[in-house]
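A look at the structure
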Amino acid sequence: MAATKLLTDLTITAKDNIPPQYIRPLSDRPNLADQSHGSQASIPLIDLRGLEDPRRRSEIIKQITQACQDFGFFQLKNHGIPETEINNIVKVTREFFKLPESERLKYYSDDPSKTTRLSTSFNVKTEKVANWRDFLRLQAYPLQDFINEWPSSPPNFKKNVAEYCTSMRGLVLRLLELISESLGLERDYIDKALGKHGQHMAFNYYPPCPKPELTYGVPGHTDVGLITILLQDDVPGLQVLNNGNWVSVQPVPNTFIVNIGDQLQALSNDRYTSVLHRAVVNSGKDRVSIPTFYCPSFDAVIGPAKELIDDDHPAVYKDFTYAEYFKKFWNRDIATESCLDLFKATTNNNNN
């Protein structure tokens, strides 16, 4: 796959054709005619209003417990993030991907270890088939350590992204307390387990695709971190695997979608599951999605909480550093076996 040209620019010349490197094998294509659209209630919608009230907090924790056990995903409303910040981050994302190719390519890299990088697909080093997506990924915490690396164009990019990242961190920290309590752990358990904490985000851009039935924006995968908070624009594309069916998540204005990542599955000793999800594309509209990934610092040691281990629930995973996990995750094809399987307590140490 040519690293000198991004998908966004290829689509200008591709017109009605889809380049062969994006065409998936017949057995691995989205069946766009057979998918469960459902209503927005298909994924639990949790209202954070009144969180300060003890009785209301208890009810919210029960809802989070149920959503994490049954779905691995939930939506959030009344989350406290100003609508202006949401609109600004979507606007500046679209502006970035409309910059001239020469300006965008200043940030291109196929090295997953780079803390600010523009790339395409998922991991161009490991994939046999490319994905219909360009993305800008950047580290966001501690903010002062990374903001100078971020793009200077569009003019408001750093300002808008910094505001959004700060607000998202505040929301995540509230969620971590609620998730800790939902597992029967101390309120600050997950906070402490993450070491110094890590936060990064992606700006995903999915151009219109002439033949969306032949490819994916991103194929089915789980997320490497602890939790992900996703902002979608008004174009559907996210699908979640639930009870063997791919459920399309219809965008709801001013809400976020939260999903469990691999680190939380390990920490919860499989009480909560990191669920497969994917992005499909369409022929009519481009789509923007902006996930915030919250994760441990690289030196944090992750493993099942001791309080969740007993004779009936032995430790499913051995302890590992997040750096070990992250390296394994990025050195494999996104569509291959679950990375968590490599860290099971019964896995041979040669897999480390």
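Here's a quick rundown of the structure. None of the values given here were measured: they were computed from a predicted structure. (Residues numbered from 1 in each chain as written. Predicted model: local features only at pLDDT ≥ 70, side-chain atom pairs only at ≥ 80, totals over all residues. Heavy atoms only, no water.)

Counting across every chain of the model gives 12 aromatic pairs. Where Phe298 meets Phe326, the ring centres are 5.2 Å apart and the plane angle is 65°; that geometry is what we call edge-to-face. Within this pair, whereas Phe298 is found in the loop between strand 12 (287-295) and strand 13 (301-302), its partner Phe326 is found in helix 9 (residues 322-330), the two being separated by 28 residues in sequence. Exposure remark for Phe298: the relative accessible area of 43% places this residue in the partly exposed category. Aromatic side chains Phe320 and Phe343 sit 4.8 Å apart centroid to centroid with 50° between the ring planes, which places their arrangement in the tilted category. (Phe/Tyr/Trp six-rings, centres within 6.5 Å; stacked < 30°, edge-to-face > 60°. Helix = DSSP H or I, 4+ residues; strand = E, 2+ residues; numbered from the N terminus. Buried < 20%, exposed > 50% of the residue type's maximum accessible area, 1.4 Å probe, protein only.)

Between its first and last C-alpha, helix 2 (residues 54-70) extends 24 Å over 17 residues, near the 24 Å set by a 1.5 Å rise per residue. Of the positions making up helix 2, those classed as buried are Arg57, Ile60, Ile61, Ile64, Thr65, Ala67 and Cys68. Those residues of helix 2 hidden inside the fold are in contact with strand 1 (45-47), strand 2 (73-77), helix 6 (157-182) and strand 10 (256-260). Regarding helix 2, its N-cap is Asp53, as a side-chain oxygen of that residue lies 3.2 Å from the backbone nitrogen of Arg55 further along. Remark: Gly72 follows helix 2 within two positions and exhibits a positive phi of approximately 80°. (Expected span 1.5 Å × (residues − 1). Contact = heavy atoms within 4.5 Å. Polar contact = N/O pair within 3.5 Å; in protein donor to acceptor, adjacent residues only side chain to side chain.)

Once that is clear, we can look at the packing of helix 3 (residues 83-97) against helix 6. In contact at an axis separation of 9 Å, helix 3 and helix 6 are set at 135° when each is read in the N-to-C sense. Compared by their axis directions, helix 3 and helix 6 come out oblique. Every pair of crossing elements has a handedness; the one defined by helix 3 and helix 6 is left-handed. For the pair helix 3 and helix 6, the contacting residues are Glu85, Asn88, Ile89 and Val92 in the first and Phe157, Asn160, Val161, Glu163, Tyr164 and Ser167 in the second. When the residues that make up the contact of helix 3 with helix 6 are grouped by side-chain class, the tally is five nonpolar, three polar and two charged. (Axes fitted to C-alpha atoms, helices over the stretch in contact; angles between N-to-C directions. Parallel < 35°, antiparallel > 145°, perpendicular 65-115°, else oblique. Left-handed = near helix turned anticlockwise from the far one by under 90°. Nonpolar A, V, L, I, M, F, W, Y, C, P; charged D, E, K, R; others polar.)

Take the nonpolar core next. Judged by nonpolar contacts, the single largest core of 62 residues is most densely connected at Val161, Phe203 and Leu264. For this core, the element with the highest residue contribution is helix 6, accounting for 12 residues. One finds Cys295, Tyr317, Tyr322 and Trp330 within the second-largest nonpolar core, a separate group that totals 15 residues. (Core = buried A, V, L, I, M, F, W, Y, C linked by side-chain atoms within 4.5 Å.)

On to the sheet that holds strand 2, then. With mixed pairing, the eight strands of this open sheet are ordered in space as 1-2-10-7-12-5-4-3. Strands at the two margins of the open sheet, each flanked by one partner only, are strand 1 and strand 3 (116-120). This sheet shows a mean twist of 25° between the axes of neighbouring strands, independent of strand direction. Pairing of strand 7 (residues 227-232) with strand 12 involves six bridges; the strand directions are antiparallel. Paired with Ile229 across the two strands is Thr292, which belongs to strand 12. Against the sheet, helix 3 touches strand 3, strand 4 (134-141), strand 5 (198-206), strand 7, strand 10 and strand 12, its axis set at about 115° to strand 12. (Pairing = 2+ DSSP bridges.)

What follows covers helix 9. An α-helical segment advances 3.6 residues per turn. Residues three or four places apart therefore align on the same side. Tyr322, Tyr325, Phe326, Phe329 and Trp330 are the residues of helix 9 that are buried. Buried residues of helix 9 fall within an arc of 120° about the axis and therefore sit on the same side. Buried-residue contacts for helix 9 involve strand 3, strand 4, helix 8 (262-267), strand 12 and strand 14 (320-321). (Arc of directions from axis to C-beta.)

To continue, consider the packing of helix 2 against helix 6. Pairs of packed helices are described in terms of their axes, by the angle between the two and the distance that separates them. Running from amino to carboxyl end, helix 2 crosses helix 6 at an angle of 75°, the nearest separation of the two axes being 9 Å. Judged by the inter-axis angle, helix 2 sits roughly perpendicular to helix 6. Between helix 2, through Arg57, Ile60, Ile61, Ile64 and Thr65, and helix 6, the contact on the second element is made entirely by Glu177, Leu178, Ile179, Glu181 and Ser182. For the contact of helix 2 with helix 6, the residue count by class is five nonpolar, two polar and three charged.

Read across the sheet, four strands follow the order 6-11-8-9 without closing on themselves; strand pairing throughout is antiparallel. Lying at the two open borders of the sheet, with one neighbouring strand each, are strand 6 (218-221) and strand 9 (245-248). Between one strand and the next, the sheet's axes are offset by a mean angle of 20°, whatever the strand orientation. Pairing geometry for strand 6 and strand 11 (residues 277-279), over two bridges, is antiparallel. Paired with Val218 across the bridge in strand 11 is Ala279.

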